[in-house]
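Inside the fold
Each chain is listed here by its residues.
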Amino acid sequence: MNVIQLDNFRSHTTPLATIVRVGDFNQQFAHYQSQNLLPGKRAVIDAYNVKRQADLLNDLRAVGFELILDTKAAELACPFKWNGQSRKADWLPSEPNRALSSNDFNESMATSIAELAVENKFHIVLAPSRYVSDASAIKTLEQDHEFMMVLRSALDRAGGSHIAIASSFIGRLTLLGMEDVTKRMVSLNRDAPTSALWLRLSGMRRDPSAQRITKTARRLQFLQESGLPIVLDYAAGLEPLSLAALGTASGLSFGALANDQFSDSTWVKPSKSVENSVGDSGRQQFARAPGLGRNFSHAELQLMSEAPKGKRLLFDPSNTGIGTFEEFKSKSKETALREAVEAIAGLSEVPNTRRPDHVKTTHIEQCARKARQLSRLELNGNRAAELKVKSPESLTRRLSEYASSLDRTGSALEKIVSDSSLRFTGSKTLPHLGKSKKSDEMGETQ
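Here we summarise the structure given alongside this text. (Residues numbered from 1 in each chain as written. Predicted model: local features only at pLDDT ≥ 70, side-chain atom pairs only at ≥ 80, totals over all residues. Heavy atoms only, no water.)

Right, let's get into the packing of aromatic side chains. Pairs of aromatic rings are described using the distance from one ring centre to the other and the angle between the two planes. With the rule as written, the count across this model stands at 7 aromatic pairs. Centre to centre, the rings of Phe105 and Phe147 are 5.4 Å apart; their planes meet at 80 degrees, and the pair counts as edge-to-face. Remark: Phe147 occurs in helix H6 (residues 137-157) and Phe105 occurs in the loop between helix H4 (73-76) and helix H5 (107-119); sequence separation between them is 42 residues. One exposure class covers both Phe105 and Phe147, and it is buried. Pairwise contacts between aromatic rings join Tyr131, Tyr234, Phe262 and Trp267 into one cluster. The positively charged end of Arg130 is found above the aromatic ring belonging to Phe105, 5.5 Å away from the centroid. One cation-aromatic arrangement involves Arg200 over Phe262; the distance from NZ or CZ to the ring centre is 5.6 Å. (Phe/Tyr/Trp six-rings, centres within 6.5 Å; stacked < 30°, edge-to-face > 60°. Helix = DSSP H or I, 4+ residues; strand = E, 2+ residues; numbered from the N terminus. Buried < 20%, exposed > 50% of the residue type's maximum accessible area, 1.4 Å probe, protein only. Lys NZ or Arg CZ within 6 Å of the ring centre and 35° of its normal.)

What the rule picks out here adds up to 33 salt bridges. Residue Lys329 pairs with Glu326 through a salt bridge whose shortest N-O separation is 3.7 Å. With Lys329 and Glu326 both in helix H14 (residues 325-330) and 3 residues apart, the pair spans about one turn of that helix. Lys329 gets classed as partly exposed once you look at its relative accessible area, which sits at 33%. The partner of Glu327 in a salt bridge is Lys331, and the shortest N-O contact between them spans 3.6 Å. Each of Arg21, Asp46, Asp70, Lys72, Glu75, Arg200 and Asp233 takes part in one network of salt bridges that share partners. (Salt bridge = Lys/Arg side-chain N within 4 Å of Asp/Glu carboxyl O.)

So, about the pairing of strand S9 (residues 251-254). Burial along S9 is two-sided: the residues Gly251 and Ser253 and Leu252 and Phe254 are all buried. In this structure, strand S8 (residues 230-233) lies alongside S9, joined through 2 bridges in parallel fashion. Paired with Leu232 across the strands is Leu252, a residue of S9. Handedness of the crossover joining S8 and S9 through helix H9 (residues 238-245) is recorded here as right-handed. (Pairing = 2+ DSSP bridges. Right-handed = clockwise from strand over helix to strand, strands pointing away.)

With that settled, the discussion passes to the packing of helix H16 (residues 355-375) against helix H18 (residues 392-418). Packing of H16 against H18 brings their axes to within 8 Å, and their N-to-C directions diverge by 165 degrees. Classified by the angle between their axes, H16 and H18 sit roughly antiparallel to one another. For the element pair H16 and H18, the recorded crossing hand is left-handed. When the residues that make up the contact of H16 with H18 are grouped by side-chain class, the tally is 13 nonpolar, 6 polar and 4 charged. (Axes fitted to C-alpha atoms, helices over the stretch in contact; angles between N-to-C directions. Parallel < 35°, antiparallel > 145°, perpendicular 65-115°, else oblique. Left-handed = near helix turned anticlockwise from the far one by under 90°. Nonpolar A, V, L, I, M, F, W, Y, C, P; charged D, E, K, R; others polar.)

Here we come to the nonpolar core. Counting residues in each nonpolar core, the largest one holds 114 residues, and the members touching the most others are Phe29, Trp91, Leu199 and Leu232. Apart from the residues lying within four places of it in its own chain, the contact partners of Trp91 are Ala47, Thr71, Leu76, Leu100, Met109, Ser112, Ile113 and Leu116. Formed by 12 residues, the second largest nonpolar core is a distinct cluster that contains Val44, Leu126, Ala196 and Trp198. (Core = buried A, V, L, I, M, F, W, Y, C linked by side-chain atoms within 4.5 Å. Contact = heavy atoms within 4.5 Å.)

We now examine H9. Here H9 lies mainly inside the structure; 8 of its 8 residues are buried. Three or more residues of H9 are buried, namely Leu238, Glu239, Pro240, Leu241, Ser242, Leu243, Ala244 and Ala245. Check the buried side of H9 and you find it contacts helix H8 (210-223), S8, S9, helix H15 (332-348), H16 and H18. Backbone geometry just downstream of H9 places Gly247 in the positive-phi region, at approximately 85 degrees.

So this is what it looks like as structure tokens:
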């Protein structure tokens, strides 16, 4: 008879991974590293930035970062995305003049990707995949699986047998509710040369929804039957954090106020010109206030900061050191990144069984409290007009509704914890494959 030590179960703590997407902000990323904002030491590098960010890669490798290559193959295979930055991917022999087709995912492409990964000493390659549409989901999954096998052989031939491949799924969250799709995903990934399953899901949000969290957690739980750690990609905010707390994800990947939420709107149809411009400054800019968990436009944040008691409530200067709106603007990316990383690091130290309550009390309830306080600010209508905030009343209402939504999310987490039929088994540890440059060199000499 097997005996389970209940105290050991209750105190069991599975580490959670934080993976930061560098994007185009290599200089800022170097600053984040120097400020010790990236203790997880995992970074995703876009394929069109490998050569341009070579100095940063050397610095990150030297201090033990795990380097992950995003080939951008999904963007290159999308009719509405291929002509962007992705066409400059460093593994391409020349810039393409059309979107890649399934025939382009061949041995030649695999060899080029493998050579780039080996030359630049990446530890992981995100498996080149394509956007998975409702109409051709199974076929796309099967073709991408076949190419993963080709890539594995190419890496081995190029001297990259030590480089891991992470399976990548890009598509709508609703697809995970289709039993035939998820069953095929599980079976393919069980048979794949992959170390983890990365999910970039359109429909998952930063702001949590009680119903969506429960439904998504169930779907992710089924995918755990593949036996792989699950990484939620383009995923920052209270909703991904709640899913990690429930044990359905092993890590979260995101950028600093960028690539932190995925929408497929520009993947399924041409993008429209942005109409919400502000004067001569072009597109509206958005940022996340400390301890609020939600993005608002700069104009809305400035309006709130100028209300009586606004700065103290909005910026929490005693804890953040931020005293003015201008100072907040200059530190908005750093503030968002620091908060996201610290939230995951703090959750990672909490025993698995206590994580939902930790997220509820430490994050969701505190954000709801702050949203309610901000909703009671006396906003200046004339100043709102100057800042081109169309409706201060709408801003107040959104804050109040956001607080109520957070209350419902907290209640949903309580229900999941108390209802045995809704409990989840827990995530798998995502191994860290990075090592220092010194150990790399020692391995080469051996």
